[in-house]
Amino acid sequence: MNILFMSTVDKADLWKQCLTAELPGINIYVYPDCPVAREDIDYVIAWKPPAGEIAKYPNIKAILSLGAGIDGITCDPDLPRNVPISRLVDRCLTQGMTEYVVYWVLHHHRRMDDYARMIAAREWDNYIQADTEQTPVGVLGLGELGGDAAKALSALNFDVLGWSRSAKSINGVTCLHGADGYDEIVSKCRMLVCLLPLTEDTRGILNADTFAGMPKDSVIINCARGGHLVDQDLLAALDSGHLAGAVLDVFHSEPPDPSHPFWAHPKVTMTPHMASLTVPQSAARYMADNIRRVERGEAPLNLIDLSKGY
Ligand code: GLV
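Since we're looking at a predicted model, the values are computed, not measured.

J.: Sorry, what's going on with the domain arrangement of the protein here?
T.: Each assigned domain of the protein is listed here: domain 1 (2-90 + 278-295) and domain 2 (92-270). On a C-alpha basis, the centroid separation for the pair domain 1 and domain 2 is 32 Å. With 11 residues of domain 1 at the contact, the number on the domain 2 side is 8 residues. Buried area between domain 1 and domain 2, summed over both chains or domains, comes out near 760 Å², and the portion from carbon and sulfur atoms is 57%. Its largest share of buried area at the contact with domain 2, domain 1 owes to Asp 71, Val 89 and Asp 90, together 55% of the area lost on that side. Here Arg 225 and Asp 71 are joined by a salt bridge, their closest N and O atoms 2.9 Å apart. For the pair domain 1 and domain 2, the number of links is 4 residue pairs in polar contact (both at pLDDT 80 or more). The residue makeup of the side of domain 1 that touches domain 2, split by class, is 5 nonpolar, 3 polar and 3 charged.

J.: Explanation requested: the site of the ligand in the structure shown.
T.: Taken together, Trp 47, Gly 67, Ala 68, Gly 69, Arg 225 and His 273 make up all the residues around the ligand. Take Arg 225: an N or O atom from its side chain is 2.8 Å from an oxygen atom of the ligand. Here an oxygen atom of the ligand and a side-chain polar atom of His 273 are 2.7 Å apart. Taken by itself the ligand offers 190 Å² of open surface, and the protein chains cover 86% of this. Residues that form the shell around the ligand fall into these classes: 2 nonpolar, 3 polar and 1 charged.

J.: Just checking my understanding: could you explain the side chain of Thr 210 for this structure?
T.: Take Thr 210: it is sitting in helix α7 (residues 208-213). Owing to a relative accessible area of 4%, Thr 210 belongs among the buried residues under this scheme. Residues contacting Thr 210, with those up to four places away along its chain left out, are Tyr 182, Val 186, Leu 192 and Ile 205.

J.: Explanation requested: the packing of aromatic side chains in the structure shown.
T.: Note on aromatic pairs: each is described by the distance of the centres and the angle between the planes. With the rule as written, the count across this model stands at 6 aromatic pairs. Relative to Trp 15, the ring of Phe 5 lies with its centre 5.9 Å away and its plane at 40°, an arrangement referred to as tilted. On the criterion of sequence distance, the pair formed by Phe 5 in strand β1 (residues 2-7) and Trp 15 in helix α1 (residues 12-22) is long-range, its members being 10 residues apart. You can call Phe 5 buried: its relative accessible area is 3%.

Calculation criteria
- Residues numbered from 1 in each chain as written.
- Predicted model: local features only at pLDDT ≥ 70, side-chain atom pairs only at ≥ 80, totals over all residues.
- Heavy atoms only, no water.
- Domains from an automatic or database assignment.
- Contact = heavy atoms within 4.5 Å.
- Buried area = accessible area lost by both parts, 1.4 Å probe.
- Salt bridge = Lys/Arg side-chain N within 4 Å of Asp/Glu carboxyl O.
- Polar contact = N/O pair within 3.5 Å; in protein donor to acceptor, adjacent residues only side chain to side chain.
- Nonpolar A, V, L, I, M, F, W, Y, C, P; charged D, E, K, R; others polar.
- Near = heavy atom within 4 Å.
- Areas by Shrake-Rupley, 256 points an atom, 1.4 Å probe, with all protein chains shown as cover.
- Helix = DSSP H or I, 4+ residues; strand = E, 2+ residues; numbered from the N terminus.
- Buried < 20%, exposed > 50% of the residue type's maximum accessible area, 1.4 Å probe, protein only.
- Phe/Tyr/Trp six-rings, centres within 6.5 Å; stacked < 30°, edge-to-face > 60°.

Listed below in structure tokens is the structure:
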């Protein structure tokens, strides 16, 4: 069996080692090196493959995404429509994202930035401690990642609201959907976390209308994709004093241009797309299981519906 590894993230040797341990006897080639005929490649494992490249391997049985988000694959206009694409669902990836979300929600809930400023100024005071149960936190997107983060926030006793395209039900989470549900979650939440897939429907969803609908002094946490956010609208909402802060892990271009105002904005916390990173040792097991399924003639797990875009 021949697998082509196509990734902009330079961990190919580790992946090779982990995948070979799971699937002894396979051949893994690291794009662009492909010493066998292109027709002989059975699977492509991909993260942001260059546009038009996957189509050059005509017999692949499945495309396995190295990330939870598959927009970096589906944005390829030449992507073969008949090859199943599977998103990565992995315990470590989900855990990492939940940790990131909980960390920043707690950070803002406990006003850690204000305390850091106070200490830097050699001041000593305290703020009224907000009641967690009375603090509404919204999670946009209730898939694998959003659902887990919402449950963790609920376990910490936040008043958790979640929003998804179709109706969902999660214990301890007020689940909303549709346009009315969106207005409701936006209008209620003091902290709003974006974990939506990037699709034509969700591109630019974090825009001036959303920010205007949010309560004053609320905080936005985007750990989905830069394309969800209209940067200028966020800057305007922060600078007008309406929003208190933003935590951004993802950007339109990564890294953003050095002149981008986010870098030095006092109300913006940036992280370098590290909210959750794929752990090869753990994810390789999932990839191998998925490949074994396809080899048995079964559909891969966590198949993408291209008509929905996720
Ligand atoms: C990371 O951004 C991912 O999609 O897993």
